[in-house]
Structures are given as C-alpha cells and as structure tokens.
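So you can see what is in the structure, the chains are spelled out below.
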Amino acid sequence: MRTTVGIIGAGPAGLLLARLLHNAGIDSVVLESRDRAYVERRQRAGILEQGTVDVLREAGAGARMDREGLPHDGIELRFDRRRHRVDFPALTGGRSVTVYAQTEVCKDLIALRLAEGGPLLFEAEALAVEDAETHSPRIRYHHQGRESVLECDYVVGCDGFWGVARKAVPETLSRAFERTYPFGWLGILADVPPSHDELVYARHDRGFALLSMRSPSVTRAYLQVPDGTDAADWAAEEIWDELDRRLETDDPTWTLRRGPVTAKSVTPMRSYVHEPMRHGRLFLAGDAAHIVPPTGAKGLNLAVGDVVTFARALALLREKGDPSRLDAYSETCLRRVWQAERFSYAMTTLLHRAPDATPFDDRVQLAALDRITTTRSAETDLAEAYTGFPFDEPQ
C-alpha cells in the first residue's frame, strides 16, 4: 500500500491531521494499534484552548462539540482560604476555553474519517519506521495476522511516548530534556453535578486540588498525592474529605457536592521534550515529542498545534512548491512547545507543595499567587497562556 502521508496513531493528533489533510486534498493512511472501542473509551484530559476549538470547527469536526461542550470564560484560584476568579475574555481580548473530553474529540474525528476520509486501520501495530532519510520512508506494521509495509512520502508519528516513531531518530541526533515530579494526581470521576461552574485550582498546605467536570452531571476532581500512590488505597469518603479540606475557603456560600465515585486512578507528573521533532521525512507530533504535567491543560492542545503546523506546511509545498515551512517544522513547533512547558512547569510549582517544602517556600508560593490576583499584568500572562499560544508560522 502507498500513500502521501503515513500517520501512526489514531489519537486526537493523528485523527485531526488526517482530517486536515483530507480537506486539503492530500491522501493519508492512519495506523492504530488498538481497536476502535478502546480508542473511543480511553479517558484523557478535555480542556480545549480557543485555537483548538477554532481548528476543529474549521475542519468540520466541531458540530457536536458546539452542542455538548462547556465553554468556560475563566478559572478560580484558591489559596490561603481566599477565592479569586480569572476572567479570560476580559484579559485576552475575548478568548476562552471549552471543556470537551478528548474521548469525544476522537469519536467525532473517527466518524468523519470513516464516512468521508481515507483508510483508518485499527489493530494495525506499527513495528518500525524505515528509510526516514530518503524520499520514500516506510512503515512496517502488523495487521490481520500478517506483516505489511506502507510506502509513504512522509511519516508523522502521533504514537505517543512509547511508540516506534521517535525510535527512528538516531540517538546521535537526539536530545531529551526531562523533569519528573515527586508527586502525582489521584483523579476521580463521580456521578454528581460539578460543585462550581468553572475549574477550581487550589493551593493548600496539604497539597494541590483541582475541581473539574466531565459534563453537567459528572464531576472530575484531582488530589496531589505522593509519587507511587495506589488509587485503591483511597476510599471514596477519604477522597471527598480531603477535597473538602483543600478547597475550603472563608466563603460560607460554597459547598462541595459529593456523589458515587465511578472511577479513580493515579497520573504521574513529568515534563519531557525531544529535539528535534523532525528527522528526514519523519515528523513527530504530540506525546511522541513532548509531555507536560496536566496542571496547565496543554497536552492535547500542543498536539493540535503540531499537526496544524505540519498540515499547513505540506499544503504550502503542494500548492506553491515552497518547502520553507516544512523545513522549519521542528523549530516552529518547539517554540510553542517550550512556552507550554514553561507555563505548565510554572503552574505545577506554583500550586503543588513539594515533599521537602520549607516555610520559606510556602511564603514564596503565596506571594506569587497574591501577585497574580492583584496585578493585572501577571493575571493577564496566566490568562493568555491558559487560553492558548498561537499556532506560529516560521519567523
């Protein structure tokens, strides 16, 4: 089989790239190691930046998002028993975010691909990317009991941190930048309406807490826990009690709604960037190239930025014979990636309490939060970063 762009991975990055290429008249094949049911039920974060929302709409994939997604015009910060709302549109010239689960994004894009697009092969495990330095890279993959080869003009690896795409970049050319954190997030889903209509980020001496939502009837919430924590060690009532403690303020009008916990898991926290994001005709996108701690809600949105950059660059080459944007892919994406890494790291260190934190460290955190909530420039910087960095063109 032969195609212009071979895409490894049917997560939101790979599926959106296939949609963008289809709309530009460029053929592609998507290979996904899991079955369709798995892809459509795996739970991931769901905060969509303004730019991601706009891209999905422009791609013809935003109809259900517009019906069922929850637009949010701000977040609430809690610290030192205080509450402060950050008003995104007022600080950013009108930008906001939308709560719409990554699972639902994938469902929408899969339906479009199967109805209007090209091949999408589930249970097709990519084994290796070969000849990336040539004009005819290949993907060896296993599908329906036999090994096959997909001949491509370009390969885009959207196959996550553990995928095969990044392994095709020679170690002599690779640089990895990484930070691990001594804590994780204990996350729950609960059948109870959210206790607040926007996300609440809380800094507390006992650790960070986040109050979020999956829908108007389903609460999503997180607690900072020590690295290596087993979710099974936490009973539902213990989780609610701890959320109550960390979210408490001097405002008597707010209460935490409790309900049946339907799922719980622990997410480790790490930052990772691989440079470069291109080798020959192999391009890395999403978690294959970078990971951010979830505090800044950047993971999915960074992946969208990557594939938008690639699709626009390839379209320019096809339409005008101009390879400049494609040649600048890695540099262009990394500029945005490092800004997101900076913001995610800053939010993580601002709101989480390190195991070895001293009273001095606590005071510095509180001072930083006080500055954000009392200084418009600092608050604007947070709002602009949270609602999304622009999909840059090469400079």
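Residues numbered from 1 in each chain as written. Predicted model: local features only at pLDDT ≥ 70, side-chain atom pairs only at ≥ 80, totals over all residues. Heavy atoms only, no water.

Enquirer: Can you tell me about the pairing of strand β15 (residues 218–226), naming the residues and giving the values?
Expert: Burial analysis of β15 places eight of its nine residues in the buried class, the great majority of the element. Strand direction decides the pairing type here: strand β14 (residues 209–215) and β15, joined by six bridges, are antiparallel. What sits directly across from Ala 209, in β15, is Leu 223. Linkage of β14 to β15, two consecutive antiparallel strands, is achieved through a turn of two residues. (Buried < 20%, exposed > 50% of the residue type's maximum accessible area, 1.4 Å probe, protein only. Helix = DSSP H or I, 4+ residues; strand = E, 2+ residues; numbered from the N terminus. Pairing = 2+ DSSP bridges.)

Enquirer: Explain the nonpolar core to me, using residue names and the numbers behind them.
Expert: Of all hydrophobic cores here, the largest spans 106 residues; its most connected members are Val 5, Leu 16, Ile 75, Tyr 201, Leu 282, Phe 310 and Tyr 386. For this core, the leading source of residues is helix α8 (residues 299–320), giving ten residues. Counting residues in hydrophobic clusters, the runner-up holds 19 residues, among them Leu 186, Ile 188, Leu 247 and Leu 256. (Core = buried A, V, L, I, M, F, W, Y, C linked by side-chain atoms within 4.5 Å.)

Enquirer: Can you break down the pattern of salt bridges residue by residue, with the values?
Expert: Summed over the entire model, instances satisfying the criterion amount to 36 salt bridges. For Glu 40, the salt bridge identified is with Arg 36, shortest N-O distance 3.1 Å. A residue is classified by how much of its surface remains accessible, and Arg 36, at 35% relative accessible area, is partly exposed. A salt bridge links Glu 248 to Arg 81; the nearest nitrogen and oxygen atoms lie 3.5 Å apart. With Glu 248 in the loop between α7 (236–247) and β16 (261–275) and Arg 81 in the loop between β5 (74–79) and β6 (82–87), this pair connects stretches of sequence that are 167 residues apart. For Arg 81, a relative accessible area of 40% translates into the label partly exposed. (Salt bridge = Lys/Arg side-chain N within 4 Å of Asp/Glu carboxyl O.)

Enquirer: Account for the sheet that holds strand β7 (residues 97–99), with residues named and values stated.
Expert: Spatially, the three strands line up as an open sheet ordered β3-β7-β4, and their pairing is antiparallel. The open sheet is flanked by β3 (47–48) and β4 (70–72), the only strands paired with a single partner. In the sheet, β4 pairs with β7 via three bridges, with the strands oriented antiparallel. Across the sheet, the residue bridging to His 72 is Val 97, located in β7.

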